[in-house]
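A closer look at the structure
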Amino acid sequence: MTVLPEEAPIIELRGVDKWFGDFHVLRNINLDVVRGERVVVCGPSGSGKSTMIRCINRLEEHQRGQILVAGIELTSDVKNIEAIRREVGMVFQQFNLFPHLTVLENLTLAPVWVRKLPKKEAEETARLYLERVRIPEQANKYPGQLSGGQQQRVAIARSLCMKPEIMLFDEPTSALDPEMIKEVLDVMIELAEEGMTMVCVTHEMGFARTVADTMVFMDRGEIVERGPPKEFFANPRNDRTRLFLSQILAH
Amino acid sequence: MTDIDVTHDLPLPVERPPRPTAGPIDWLRANLFNSVLNTILTLAAVYLLAVTIPPVIRWAVVDAIWHADSGRACRGDGACWAFIAEKGRFILFGRFPYEEHWRPLFAVVIFIAMILASCDRRLWGRRLAALWLAGLAAVGVLMWGGILGMSYVETSLWNGLPLTLILAVIGMIFAFPLAILLALGRRSQLPAVRAICVGYIELVRGVPLITVLFMASVMLPLFLPTGMTIDKLLRAQMAFTLFAAAYLAEIIRGGLQAIPRGQIEAADSLGLGYWRRTRLIVLPQALAMVIPPLVNSFIGAFKNTSLVIIIGLFDLLGTANAALTDANWQGFYIEAYVFTAAIYFTFCFFMSRYSQMLEREFNKGRQQ
């Protein structure tokens, strides 16, 4: 899918820097994502890719530069942060479902308390999304009773129930047993096909080839290379990218 | 595309776990006589029980005197339960006007009914809060009187079991939310809030309860403008509440610290904001985790109410002590203390069972 260049980006990172103590974890990051674009971020561990997407909904605070999401700049203004978080869904490596609530309650919590939807309506939406991630029968179970793959699909549904404009995925399959990775990726592919704006940190290069509009390669806190997946995989321009790809695609 | 579920494809032969050995002899062999050391311990325990139990039964039941007119007629080898028959009402209700004893009795019944009602999870929420509000109001009316044809009874005559329950239950009701705020404040990002909470908790924890009660009873009136007085019971209640809150706060903080970072991030990423996140995600999990130490603290606080005797309030233990000073009935310490201990034990045992029920309730569906 090609993206119209004149469309205004929904996510903009301008010269973003961040440090953990003295460690310079993000260096001069510039990234534009337009509506409907699917960006896959890859790179060796410790390259700052998770930190970067966590900056987009301010789970991490950037220390220099500008981040704009849907035209709103992320500052320490709590109102802005909450407004952006309502529109940006996030899926974590460790699922982070609420263990004291049932699956259905996990899904309806934010729509009821943040979006102020009536409970009944929120439940209808929740069941719809459970259907879409193919686990409608688990609605009344607790997260601890589900497999890892099922939990991650619930986590995706939980984010979708807020009807976000953007979905962030932070290594969503890294904590899963191999046989469960596919069921989660299938859900994500479907979501991509529906036109959701996605920024996805992952090592699943097969998934990246299938859905990505743009590949981003990060190393040592920098964006080293970015481009459409075809070129990115066939002719990486940078040595570091080439080395990384040869390592990750070797097995 | 369907769920990957390998195990359903090939039917495996059904094999049951080995049956546990049944029958009392097997049980004895497996549990009491399974090693030389265990056999020795079992025999020692049996010997100890054989030596101690019969004398206790002889004292408490066989040789006990159930009816007597005075202490002199009640001397024998056994317990003098006639003392309890004579003084039981005084121990329970103290100097509350004798013919009005139905009022504190009713108050105690209301307390017990409300506590039992709180066990039913279906009632939790607004309805239970309303029930407690109504119940506490009823207790207040019964104890104070002055309306509905009941004579006014000042708080210095509120003695015995109702006093113990009022101090403990009302103390807990106020200490608990205060403790939650203190625990949250101690983890706050705002330095001023954090400093106040840490200072409060450390100060109160560093001082014995008796000192706090003394301060509330003796020193506080000195700081009040002349002419203004606060009821002694209210002062004790406040001291007791503030003291318990500091301890509960530290327990709750332990629970807060055990909440994984990911839970907070997930709540944040859904846009819940601090207070909703705390109320809906953090506290339910944190409190469920610390039920055992919380209840431990509640039990301790319940028994700590007996310290109010130091400022001249007669709780259950105070009235028992007072009952022992009757010249006609002197020397029945064991009977008086067994009686009060039984009452304390009943309440504390109930609390510990309640805690187990709560734990089961909250751990439902986890790690199954």
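Summary of the structure given here.

1. Overview of the overall build of chain A
Broken down by element type, chain A carries nine helices and 10 strands. The C-alpha atoms of chain A give a radius of gyration of 18 Å, which matches the 18 Å a tight globule of 251 residues would have. Seen through its principal axes, chain A has C-alpha atoms that stretch 50 × 45 × 40 Å. Across the 251 residues of chain A, 57% fall into the buried class. Accessible surface computed for chain A: about 10900 Å², of which carbon and sulfur atoms make up 49%. Chain A carries 31 positive and 36 negative side-chain charges, and their two centres are separated by 2 Å.

2. Re the side chain of B:T278
Mapping B:T278 onto the fold places it in helix α11 (residues 274-289). Excluding residues within four positions of it along the chain, B:T278 makes contact with B:L184, B:L283 and B:P284.

3. What about the interface of chain B and chain A?
With 26 residues of chain B at the interface, the matching set in chain A holds 30 residues. Across the chain B to chain A interface the summed buried area is about 2500 Å²; carbon plus sulfur atoms make up 59%. For the pair chain B and chain A, the interface holds two salt bridges. Seen at the junction of chain B and chain A, the total is six residue pairs in polar contact (both at pLDDT 80 or more). Elements with a contribution of two residues or more to the side of chain B that touches chain A: α10 (261-269) and α11 of chain B.

4. Observations regarding the pattern of salt bridges
All names here are of chain A. Going through the model one piece at a time under the given rule, you end up with 28 salt bridges over all chains. Between K49 and E171 there is a salt bridge whose closest N-O contact spans 3.9 Å. Here E171 lies in the loop between β7 (166-170) and α6 (178-193) and K49 lies in helix α1 (residues 49-56), a separation of 122 residues in the sequence. Of the two residues, K49 and E171, neither departs from the other in class, the shared state being buried. We note a salt bridge from E183 to R153, for which the minimum N-O separation is 3.0 Å.

5. What to know about the pairing of strand β8 (residues 197-201) of chain A
Residue and element names in this part refer to chain A. β8 sits mainly inside the fold: five of its five residues count as buried. The pairing of strand β3 (residues 38-42) with β8 spans four bridges and is classified as parallel. Bridged to V41 within β8 is V201. Examined bridge by bridge, β7 and β8 share five bridges and lie parallel to one another. Bridging across to β8, D170 finds its partner in V201. Handedness of the β-α-β unit built from β7, α6 and β8 comes out right-handed.

How each quantity is defined
- Residues numbered from 1 in each chain as written.
- Chains lettered and ligands numbered in written order.
- Predicted model: local features only at pLDDT ≥ 70, side-chain atom pairs only at ≥ 80, totals over all residues.
- Heavy atoms only, no water.
- Helix = DSSP H or I, 4+ residues; strand = E, 2+ residues; numbered from the N terminus.
- Rg over C-alpha atoms; globule rule 2.2 N^0.38 Å.
- Buried < 20%, exposed > 50% of the residue type's maximum accessible area, 1.4 Å probe, protein only.
- Areas by Shrake-Rupley, 256 points an atom, 1.4 Å probe, with all protein chains shown as cover.
- Lys, Arg positive; Asp, Glu negative; His and termini not counted.
- Charge placed at Lys NZ, Arg CZ, Asp CG, Glu CD.
- Contact = heavy atoms within 4.5 Å.
- Buried area = accessible area lost by both parts, 1.4 Å probe.
- Salt bridge = Lys/Arg side-chain N within 4 Å of Asp/Glu carboxyl O.
- Polar contact = N/O pair within 3.5 Å; in protein donor to acceptor, adjacent residues only side chain to side chain.
- Pairing = 2+ DSSP bridges.
- Right-handed = clockwise from strand over helix to strand, strands pointing away.

So, to be careful, I would describe these as geometric facts and stop short of saying anything about function.
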